[in-house]
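# Close look at the chain arrangement
Residue strings, one per chain:
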Amino acid sequence: MTLGWLARFLASRLLVLIPLLLVISFGVFSLLQLAPSTPERILLGGRPSTPEVLAAIRERYHLDDPFLVQYGRWLVGVVQLDFGTSIRAGEPVLPMIIRRLDITVFLGLFGFVIALVVGLLVGMVAALRRGSPLDRALVALSVVGVSAPAFASGILLLYLFGVVLDWFPVFGAGDGMLDRLWHLTLPAVALALSAMALIVKVTRAALIEELERDYVAFARARGLSFRRVLFGYALRNALVSVVTASGLVLIYMLTGAVLVEVTFTLPGVGSLLVEAVQGLDIPLVQGLVIVIAVFIVVVHLIIDILYRLIDPRIRFGGAHG
Amino acid sequence: MAEGQVAVPTLATEPRQRGRLAGFIPVAIALVIIGVVVVAAALGDLIAPRDPNAQNLLVGDVPPNGQFPLGTDQLGRDVLSRIIAGARTALVGPMLIAVGGMTIGTILGMLGGYLGGRLDAIIMRWVDLMYSLPGLLIAIVIVGVVGGGYFMAVIVLIVLFSPADTRIVRAEALRQRPLPYIEAARTLGVPTWRIMFVHVLPNVLPVVVSYVFLDFAFGLVSLSGLSFLGLGVPPGTPDWGRMLFENRTVLFTNPLAAVAPGLMIVAAAAAMNIVGDWLYERFASSGAGR
Amino acid sequence: MSGSAFHLLDVSDLSIDVVLPGGRTRSIVSGLNLHVDLGETVGIVGESGSGKSLTARSLLRLLPRGVRATGRAEFAGTDVLDLPERHVARYRGSRLALLFQDPFTILNPVLRCGPQIEEGLRDEGLSRRQKRKESVRRLAEVGLPEHIADRYPFQLSGGMRQRVALAAALAGNPELLIADEPSTALDVTTQAEILRLLKSLQEARGMGLILITHDLRVAFSACDRIYVLYAGGLMEVGGARDLEDHPLHPYTLGLLLSEPPVDRRLSALVAIPGAVPPADEVSGVCRFSPRCRWVRDVCRAGPPRLVPRGPGRATACVRIDEIDVEMVALRRAVVAPAAVKEPSEAAALVRVSDVAKVFDKGTPRANPALKGVSLTIRDGESIGLVGESGSGKTTLARCLLGLEQPDSGELRIAGIDASRYDRLRTGDLQRLRRAVQVVFQDPYSSLNPAHRVGFALEEALRMAGRRDDGVTVASLLDQVGLPAAYAKRRPVALSGGERQRVAIARALAVGPRILVCDEPVSSLDVSVQAQVLNLFGALRTELGLSYLFITHDLAVVRQVVDRVYVLYRGEIVEQGPVDRVLDAPEHEYTKRLIASVPSGEPVVASPSVASEAEAVS
């Protein structure tokens with residue numbers, strides 16, 4: 001776990017992840033060609049078109065160049081953090097995204113923490129009480145959770161706690177920390193629900209599997225305390241599965257945020273993406289996807305590092321025994 | 001070989017039978033829900049009390065009453081009739097997604113898992129790439145930008161579902177490959193295609209069937225998510241996801257107009273998940289493929 | 001029964017049941033009585049399904065959910081079965097300890113070895129440094145050097161892991177150690193080391209030791225007294241020597257006769273017919289009665305109790321007085337040895353020349369499995385290939401079968417070049433497939449669970465194109481001693497021995513000239529193993545088959561093989577006629593192998609140092 005090890009590891013991972021980013025960026029750039037309209041019309045964005053205007057646009061965006069040249073030019077811009085200009089808003093894409101970022105980040109982290117903490121606890125309780133009515137009820141609830149898309153559970157929560165009980169606000173993102181927390185609680189819970197169900201499922205299954213392993217029985221046979229066996233043995237070994245699931249959940253938070261922000265009418269990155277897609281604001285879509293892709297790559301990096309911290313067998317590359 | 005006469009084998013009843021009946025109650029409920037959705041999808045027009053698309057602005061936004069059991073939406077359309085009519089898009093698309101994704105997944109997974117080699121390496125490269133990306137988000141961008149409506153959404157989701165299915169089938173095929181009965185078949189000279197279909201596939205099939213149900217549930221959740229965002233079905237179509245979006249503004253006047261389709265999505269998806277989980281556990285404990 | 005009235009552990013009328021839904025129960029063990037004293041080694045011998053492992057777990061209150069133990073188990077005067085849950089942990093480890101079978105699964109994979117031992121130390125208030133010092137001392141006690149404390153379990157070999165586990169089990173200085181098949185998962189030479197180590201620790205610490213094993217030879221060599229357990233009930237109790245010399249129960253006698261001797265070849269083993277039944281089905285009668293040749297109605301009148309017979313001895317056989325003479329006679333009768341077949345002059349059926357194979361070639365993990373191996377099998381000859389795990393014996397078999405490809409060297413089978421199966425012409429490939437067939441070790445995965453027995457045999461017949469020369473599914477089943485009706489069965493409905501018979505029938509379907517048998521009996525119970533070994537002998541006489549018998553078990557080798565090759569780390573270190581190699585081994589490794597076989601003679605307790613230098617990095 002030295003710095004040198006970390007640097008080597010990061011270098012080896014980046015060798016894989018940078019091509020991944022390139023593939024995604026190429027796919028994103030190709031979107032412009034796939035759209036059911038010519039690029040110049042899309043770039044014009046519904047304004048009246050004359051041949052002169054179209055020609056001017058072709059000129060300005062170098063649309064007559066070969067496709068790969070256009071891609072290369074765009075990529076060079078992206079690397080310099082120039083994502084182009086939004087068609088609808090007419091302003092640079094990156095600042096638009098950054099302006100909307102804080103709500104989504106807040107919402108995503110809030111939801112992630114709820115999903116992880118509650119999911120872990122519930123999964124542990126279910127595993128320790130497996131077969132009991134409590135376990136069966138928790139499993140049933142988690143099945144419902146997995147089946148409830150964020151927008152459906154969002155509407156139900158909104159109705160129950162926003163309209164019927166009137167405990168939480170129905171609109172807005174709130175100003176200031178506490179107010180925001182209050183405003184974003186329902187959206188975060190909606191976002192967390194199905195992710196939480198996944199964590200419950202994974203934690204429960206992994207923990208039950210570990211609890212039945214020989215080394216757990218052997219630890220108990222040696223008189224180690226229940227707490228030590230649960231945390232130091234079973235949970236510790238179940239952690240790899242849980243970390244894998246957490247990575248998926250963190251990435252899922254993006255998709256969930258899109259749905260939840262639309263459901264609760266929150267001005268975040270997710271709703272920005274929906275607006276961009278619906279308005280065929282291609283440069284904005286491209287910028288958003290690149291930002292999201294970078295986020296995903298970072299999440300995968302973190303997960304990979306966590307694996308190595310948790311499991312010495314991965315750390316030593318299985319080169320022994 | 002006088003000792004050859006072997007004692008009558010005994011099928012010991014395993015403790016896994018424990019609580020089998022109790023465990024079946026949720027499955028029974030799930031099957032009833034699935035049955036109702038299937039009937040509604042098949043006979044929609046016949047059993048819907050009203051025309052699901054008939055607008056009547058005079059009775060817009062009314063709460064449930066004798067005339068409209070679930071009330072009406074903003075345009076005065078009967079919510080109950082629209083829910084019944086919506087069963088069709090809720091059933092057909094997810095079914096195509098589940099079956100289509102699993103078909104691709106089974107083919108690729110069997111090829112990669114059993115044959116291995118470079119083909120497997122290519123398949124896994126693709127699977128790992130897709131697995132690390134948020135599928136629904138990709139669907140939103142592609143369907144949103146390229147268009148193509150409901151069936152485009154279905155096709156995109158089939159493609160997006162297939163990597164996870166491939167991964168599952170491949171893992172199962174990979175587990176089978178080194179087993180003695182497969183190697184014995186190879187030693188007997190059984191042709192490769194026959195080993196794959198006759199020896200590997202039957203042991204992989206239980207998992208495939210279970211995951212078709214689980215995929216259906218996730219397909220419904222994903223597809224109605226797209227509809228909710230206005231992608232996929234055209235505006236005005238009676239679709240549960242779309243209704244949820246359109247009626248979320250009438251939460252104060254007729255909440256059922258938005259809550260009911262939401263509950264339908266959850267109920268149908270949960271039913272499929274329950275059946276899928278149940279099948280999976282049954283197969284796993286029956287020893288098939290162990 | 002014997003000695004003092006107060007024992008370290010005194011178990012009386014122990015029953016273990018599975019509690020089924022609706023409160024019904026299914027018996028696993030019933031009416032078990034046993035006792036252990038300090039400084040004593042007691043063996044519990046039983047085949048699979050005897051309930052021996054659950055008995056051990058019940059004493060530590062570690063039964064799985066839904067399994068219940070009743071009766072009394074007094075440890076130093078306290079009934080451990082009745083102990084409140086919160087006091088149980090104080091017993092475990094510090095008074096009673098349990099060592100499990102599989103060293104590969106009993107250590108926490110994410111924790112270094114030192115801390116796993118330190119956790120069990122009971123001395124309060126030790127500093128970190130003192131704990132570390134103590135764990136190093138404990139490692140030395142089991143013959144391991146200090147640096148092992150900083151290793152993770154996966155960095156160690158099986159034998160070393162078992163030593164670490166033993167140190168961990170003894171960390172709390174228990175008065176009684178229960179070792180559940182402590183050496184079964186290990187290689188032969190390592191097994192002997194672990195047994196010696198256990199004995200020496202038991203003597204040095206003066207603790208009680210219960211050794212649970214399926215292997216009578218192991219029990220005879222290590223134990224003072226032995227309890228014979230069968231299908232959940234005690235059959236017989238006695239001193240190890242007495243039991244070996246004069247068993248007082250037909251089951252014990254059956255086990256002794258089933259056990260292939262390592263020092264001489266027998267014309268056939270006297271096998272116990274059938275398979276071990278579930279305890280629940282025989283709990284109301286003499287448990288052994290369905291398989292006993294001396295069974296009478298009186299045996300089925302009710303569950304017999306253990307009746308004392310002589311000092312320290314007891315038997316559950318109700319007819320022992322009537323049949324004792326017959327049993328002794330049977331024991332004498334079968335000692336007729338058989339001669340090994342004369343060296344064959346027939347043409348070579350299989351010729352392996354200088355075959356080499358490296359796994360993970362070109363990677364840092366490159367592992368040479370075979371380093372230039374040559375051997376010959378003549379037509380009709382039975383050849384043994386002996387070696388421990390990692391010797392390359394299975395790799396060689398897989399090369400012969402075309403499941404693996406040698407990197408270099410030549411394989412010729414029945415005149416066909418089999419070095420590269422993928423380059424063979426269709427005709428040659430077909431002839432090759434019909435010449436050489438295989439029987440694998442694990443009967444439970446040898447048959448496809450998705451298909452009936454008949455389907456598997458039918459397919460094999462079709463592959464051989466033999467459907468018209470009178471060979472049918474029924475005739476194949478008959479050949480391996482199974483009724484024709486078995487064709488309709490699914491593999492789950494068969495016992496291990498039956499599955500292995502079907503696997504043999506499937507191999508015979510193509511009319512092979514040689515069977516490659518990779519540890520074909522090592523997963524079977526001793527009583528069933530003898531049946532299958534007899535079957536191999538009969539088939540050879542009947543069909544003139546050749547065998548390549550791959551095994552680690554020298555007793556099996558002695559029974560079925562004409563010539564032996566000893567494989568060690570990918571090289572053949574010794575070869576020759578079976579009697580010569582086993583009686584007068586020349587190579588150092590062969591000598592070590594033979595010395596490791598538990599002969600029934602008492603093991604000399606020796607504080608051995610781990611000899612396996614390999615696998616440590």
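Residues numbered from 1 in each chain as written. Chains lettered and ligands numbered in written order. Predicted model: local features only at pLDDT ≥ 70, side-chain atom pairs only at ≥ 80, totals over all residues. Heavy atoms only, no water.

## A look at the overall build of chain B
When helices and strands are counted, chain B shows 9 helices and 0 strands. Seen along its three principal axes, the alpha-carbon backbone of chain B occupies a region of about 90 × 45 × 30 Å. Here the analysis covers contacts within chain B between residues at least 6 apart in sequence; of these, 73% occur between residues at least 24 apart. Surface exposure of chain B reaches about 12,100 Å², of which carbon and sulfur atoms provide 69%. Chain B carries 19 positive and 17 negative side-chain charges, and their two centres are separated by 6 Å. (Helix = DSSP H or I, 4+ residues; strand = E, 2+ residues; numbered from the N terminus. Contact = heavy atoms within 4.5 Å. Areas by Shrake-Rupley, 256 points an atom, 1.4 Å probe, with all protein chains shown as cover. Lys, Arg positive; Asp, Glu negative; His and termini not counted. Charge placed at Lys NZ, Arg CZ, Asp CG, Glu CD.)

## Quick word on the nonpolar core
Core analysis: the largest hydrophobic core is formed by 139 residues, its most contacted members being Leu284(A), Leu288(A), Ile140(B), Leu157(B), Leu226(B), Leu229(B) and Trp240(B). If one sorts the elements of this core by residue count, helix H12 (residues 282–310) of chain A sits on top with 15 residues. Shared between two domains, this core holds at least three residues of each, these being domain 1 (3–79) and domain 2 (93–310) of chain A. If sequence neighbours within four positions are ignored, Leu288(A) has contacts with Ile97(A), Val269(A), Leu272(A), Leu273(A) and Ala276(A). (Core = buried A, V, L, I, M, F, W, Y, C linked by side-chain atoms within 4.5 Å. Buried < 20%, exposed > 50% of the residue type's maximum accessible area, 1.4 Å probe, protein only. Domains from an automatic or database assignment.)

## Observations concerning the interface of chain B and chain A
On the side of chain A, 42 residues touch chain B, which itself brings 37 residues to the contact. Carbon and sulfur atoms supply 83% of the area buried between chain B and chain A, which totals about 3,400 Å² over both sides. Sorting the residues of chain B by area buried against chain A places Leu137(B), Val145(B) and Leu229(B) first, and these three jointly supply 18% of that buried surface. Remark: the boundary between chain B and chain A carries 1 salt bridge. Between Asp277(B) and Lys201(A) there is a salt bridge; the shortest N-O distance is 3.5 Å. (Buried area = accessible area lost by both parts, 1.4 Å probe. Salt bridge = Lys/Arg side-chain N within 4 Å of Asp/Glu carboxyl O.)

## Notes on unusual backbone geometry
All names here are of chain C. Of note, glutamate 181 is a non-glycine position whose phi angle comes to about 45 degrees, a positive value. Along the polypeptide, glutamate 181 turns up in the loop between strand S7 (176–180) and helix H6 (188–205). What makes glutamate 181 buried here is its relative accessible area of 6%. Notably, aspartate 354 is not glycine yet its phi reads approximately 55 degrees, a positive angle. Along the polypeptide, aspartate 354 turns up in strand S13 (residues 348–359).

## Things to note about the interface of chain A and chain C
The interface of chain A with chain C comprises 26 residues on the first partner and 33 residues on the second. Between chain A and chain C the total buried area reaches about 2,600 Å² when both faces are included, carbon and sulfur atoms providing 55% of it. Here chain A is connected to chain C by 1 salt bridge. Residue Arg228(A) pairs with Glu119(C) through a salt bridge whose shortest N-O separation is 2.2 Å.

## Side note on helix H4 (residues 135–146) of chain B
Note on helix geometry: an α-helix contains 3.6 residues per turn, so any two residues three or four positions apart are oriented the same way. All names here are of chain B. Here H4 contains 12 residues, and its C-alpha end-to-end distance of 16 Å stays within 8% of the 16 Å for a straight helix at 1.5 Å per residue. Buried residues dominate H4, accounting for 9 of its 12 residues. Regarding H4, the residues found buried are Leu136, Leu137, Ala139, Ile140, Val141, Val143, Gly144, Val145 and Val146. Phi for glycine 147, located one or two positions after H4, is positive at around 80 degrees. (Expected span 1.5 Å × (residues − 1).)

## Things to note about the pairing of strand S15 (residues 382–386) of chain C
Two faces make up the sheet, and in a regular strand the side chains alternate between them. All names here are of chain C. Here S15 lies mainly inside the structure; 5 of its 5 residues are buried. Looking at chain direction, S15 and strand S20 (residues 546–551) are connected through 5 bridges and run parallel. Each bridged residue has a counterpart across the sheet, and for isoleucine 383 the counterpart in S20 is leucine 548. Relative to strand S21 (residues 563–568), S15 runs parallel, the two being bridged by 4 bridges. Its bridge partner lying in S21, isoleucine 383 is registered against arginine 563. (Pairing = 2+ DSSP bridges.)

## Regarding the domain arrangement of chain A
All names here are of chain A. Domain annotation for chain A reports domain 1 (3–79) and domain 2 (93–310). On a C-alpha basis, the centroid separation for the pair domain 1 and domain 2 is 32 Å. Contact with domain 1, which involves 19 residues of that partner, is made by 14 residues of domain 2. Taken together, the two surfaces of domain 1 and domain 2 that pack against each other cover about 1,500 Å², and 88% of this comes from carbon and sulfur. Ranking the residues of domain 1 by area buried against domain 2 places Phe9, Leu21 and Val28 at the top, with a combined share of 28%. Across the contact surface, domain 1 and domain 2 share 0 salt bridges. Our enumeration of links across domain 1 and domain 2 arrives at 1 residue pair in polar contact (both at pLDDT 80 or more). When residues in the side of domain 1 that touches domain 2 are grouped by element, the largest group, 15 residues, is from helix H1 (residues 3–34). (Polar contact = N/O pair within 3.5 Å; in protein donor to acceptor, adjacent residues only side chain to side chain.)

## Some details on the sheet that holds strand S17 (residues 416–417) of chain C
Residue and element names in this part refer to chain C. Strands sit in the order S14-S13-S16-S17 across an open sheet of 4 strands; the sheet is antiparallel. Two strands close off the open sheet at either side, each with one partner strand: strand S14 (367–378) and S17. Summarising the sheet, strand S16 (residues 408–413) and S17 pair through 2 bridges and their orientation is antiparallel. Bridge pairing in S17 links isoleucine 413 to isoleucine 416.

## A word on the side chain of Glu259(C)
Residues and elements named next belong to chain C. As for its position among the elements, glutamate 259 is in the loop between helix H9 (250–258) and helix H10 (279–282). Overall, the relative accessible area of 14% leaves glutamate 259 in the buried class. Engagement of the side chain of glutamate 259 in a polar contact is seen with the side chain of arginine 217, the distance being 3.4 Å. When near neighbours in sequence (up to four residues on either side) are disregarded, glutamate 259 contacts Asp215, Leu216, Arg217, Leu269 and Val526.

## Quick look at the environment of Phe6(C)
Relative to the elements of secondary structure, Phe6(C) occurs in the segment before strand S1 (9–19). Considered as a pair, Phe6(C) and Gly77(C) are 71 residues apart in the sequence and their alpha carbons are 8.1 Å apart.

## Observations regarding the packing of helix H5 (residues 93–128) of chain A against H12(A)
All names here are of chain A. Two numbers describe how H5 lies on H12: the axes approach to 9 Å, and their chain directions differ by 55 degrees. Compared by their axis directions, H5 and H12 come out oblique. Viewed along their axes, H5 and H12 form a crossing whose handedness is right-handed. For the pair formed by H5 and H12, the contact residues are Val93, Met96 and Ile97 on the first element and Pro283, Leu284, Gly287, Leu288 and Val291 on the second. (Axes fitted to C-alpha atoms, helices over the stretch in contact; angles between N-to-C directions. Parallel < 35°, antiparallel > 145°, perpendicular 65-115°, else oblique. Left-handed = near helix turned anticlockwise from the far one by under 90°.)

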